[in-house]
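One-letter residues, chain by chain:
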Amino acid sequence: MFDVTIIGAGLAGLTCAQQLHQAGYRVVVLEKSRGVGGRMATRRLDNTCADHGIPAVEARGKLLQQLIEQLSDRGILQLWTDTVNEFPTPHSSVTSVTQSPAKFPRYAAPMGITAVAKFLSTGLDIRLNQRVEEITATKEQNWHLTCDSPDELTTKALVIAIPAPQALMLLTPLAETGLSADFLNSLHSVKFNPCLSAIAGYPVQHQHDLESLKLSWKSLTILQDTDLAWIGIDSSKRPHAPSPVFVLHSTAAFAQRYLDTTDLKPAGQQMVSRAAQLLFPWLETPDWLQVHRWRYAFPKTPLNHNCLATTAPLPLVCCGDWCGGNLIESAMNSGLAGAVQVNSQLQQLSLPREYFWEVFSSRE
Ligand SMILES: Cc1cc2nc3c(=O)[nH]c(=O)nc-3n(C[C@H](O)[C@H](O)[C@H](O)COP(=O)(O)OP(=O)(O)OC[C@H]3O[C@@H](n4cnc5c(N)ncnc54)[C@H](O)[C@@H]3O)c2cc1C
């Protein structure tokens, strides 16, 4: 029996788990994927890797600022770009890129951005490959969770740190056992935009071509295009990368057309073809191409509160980037707020300061 079970090892779930674990609760995190991080995701590829979710982090608030400092000191994060680069379609050529100093410089992880989530996982009991499929309230007043593996577990309190539409699917059956309609309606009100990420690797000889282009950008926001929203040179995060790797993000409208498509390769090919039209022709023909669909990429209609909490039928908190904003800072702040709520529902122990990772340094 656990005090708290957290569903989802994204930044919200990990932040919440650390606070409660360090306060002294018996905490377990259940994650459906093979690794931690959620939308902070890195794909391992032949001899390299690429970030196909959030590409880099920015210090928009104090929390991220502090975390970036810690991780830069450890060599996990490095400054990637301190300019904002925008490409105004449709009247454009490579020379149309506009550049201005970034208010929030972007920090990338040469070993892959999931290194940040791995750092935040320090010391936690995380069970990977565990998709929670059913949640019920027992007569003994505990939560009972059923996963797609043979594992089942019981817990006093539950934190659901996954996108609201997925939380809604898990929680709807609890309407019959006392979960309020207001709670479910709040989840229902949160809508997400999808995004397709195409990861494209190019032949070694194009590394030289790329260098001779002397591009002034590594991360490029595409304005007003129907297909592409962003292009990043992912290989520029790694010193001495042997060949170019690009990551492209589609617009929400483009991704919407492929929500039920099984083979996403043609969509990825369309994205690189569009990038080739906009930038330089060799982008059309990558050596290899992988496509990932983010069904829930960006919250379109986030909630105003920083988490959702109830004690009926049992202690329950939902949190994530869709609470209070739509970026990773909101995900972490929502995880912190979720921990405060769970703590008030349980034993009211002393929670650590918000910069919980300082404890990791003191143990080293
Ligand atoms: C392409 C892309 C680009 C982005 N760019 C930026 C950016 O530039 N700046 C920025 O600030 N943010 C950006 N974001 C958003 C940022 O990644 C998210 O805001 C943040 O990572 C969300 O964290 P989270 O913990 O709320 O949710 P998630 O990261 O989605 O974590 C939820 C976790 O729950 C797991 N899960 C779901 N259902 C279950 C289940 N039933 N059982 C067990 N586990 C489950 C999932 O596998 C996942 O690991 C981007 C996102 C994408 C997709």
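Our subject in this report is the structure included herewith.

So, about the site of the ligand. Around the ligand, 32 residues are found, and the nearest of them are Gly8, Gly10, Gly38, Gly320 and Leu327. The residue makeup of the shell around the ligand, split by class, is 17 nonpolar, ten polar and five charged. Looking at which domains feed residues into the shell around the ligand, each of domain 1 (2-38 + 117-190 + 301-363) and domain 2 (42-112 + 192-299) gives three or more.

In summary, soluble globular proteins display a tendency toward joint burial of nonpolar side chains. Residues Val159 and Cys319 are the most contacted members of the largest nonpolar core, which totals 70 residues. Each of domain 1 (2-38 + 117-190 + 301-363) and domain 2 (42-112 + 192-299) contributes no fewer than three residues to this core. Those residues in contact with Val159 that sit more than four places away from it in its chain are Val4, Ile6, Gly13, Cys16, Val317, Cys319, Gly338 and Val342. Among the nonpolar cores identified, the runner-up in size contains 32 residues, and Ala50, Ile222, Leu248 and Ala255 belong to it.

The strand order across the open sheet built from eight strands is E5-E7-E6-E13-E14-E15-E12-E16, with neighbouring strands paired in mixed fashion. Looking along the sheet, the strands with just one partner apiece sit at the ends: strand E5 (57-58) and strand E16 (288-299). Pairing between strand E6 (residues 78-88) and strand E13 (residues 219-223): three bridges, direction parallel. Counted as the bridge partner of Pro88 is Leu223 from E13. This element, helix H8 (residues 265-278), spans E6, strand E12 (192-201), strand E14 (228-233), strand E15 (245-250) and E16 of the sheet and lies at about 95° to E16.

Attention now goes to the environment of Gln341. Structurally, Gln341 can be placed in helix H9 (residues 328-345). Judged by local crowding, Gln341 falls into the buried class, with 23 C-beta atoms found within 10 Å. For the pair formed by Gln341 and Arg295, sequence separation is 46 residues and the distance between their alpha carbons is 29 Å.

We now examine the packing of helix H1 (residues 11-23) against H9. As a packed pair, H1 and H9 sit with axes 7 Å apart at the nearest point and diverge in direction by 35°. Considering the relative orientation of H1 and H9, their crossing is right-handed. Here Leu11, Ala12, Gly13, Thr15, Cys16, Gln19, Leu20 and Ala23 of H1 lie close against H9, whose contacting residues are Ile328, Ala331, Met332, Ser334, Gly335, Leu336, Gly338, Ala339, Val342 and Asn343. In the contact of H1 with H9, the residues fall into eleven nonpolar, seven polar and no charged.

Cut-offs used in this document
Residues numbered from 1 in each chain as written. Predicted model: local features only at pLDDT ≥ 70, side-chain atom pairs only at ≥ 80, totals over all residues. Near = placed C-beta within 6 Å. Nonpolar A, V, L, I, M, F, W, Y, C, P; charged D, E, K, R; others polar. Domains from an automatic or database assignment. Core = buried A, V, L, I, M, F, W, Y, C linked by C-beta atoms within 7 Å. Buried ≥ 20, exposed ≤ 12 C-beta atoms within 10 Å, placed from the backbone. Contact = placed C-beta atoms within 7 Å. Pairing = 2+ DSSP bridges. Helix = DSSP H or I, 4+ residues; strand = E, 2+ residues; numbered from the N terminus. Axes fitted to C-alpha atoms, helices over the stretch in contact; angles between N-to-C directions. Left-handed = near helix turned anticlockwise from the far one by under 90°.

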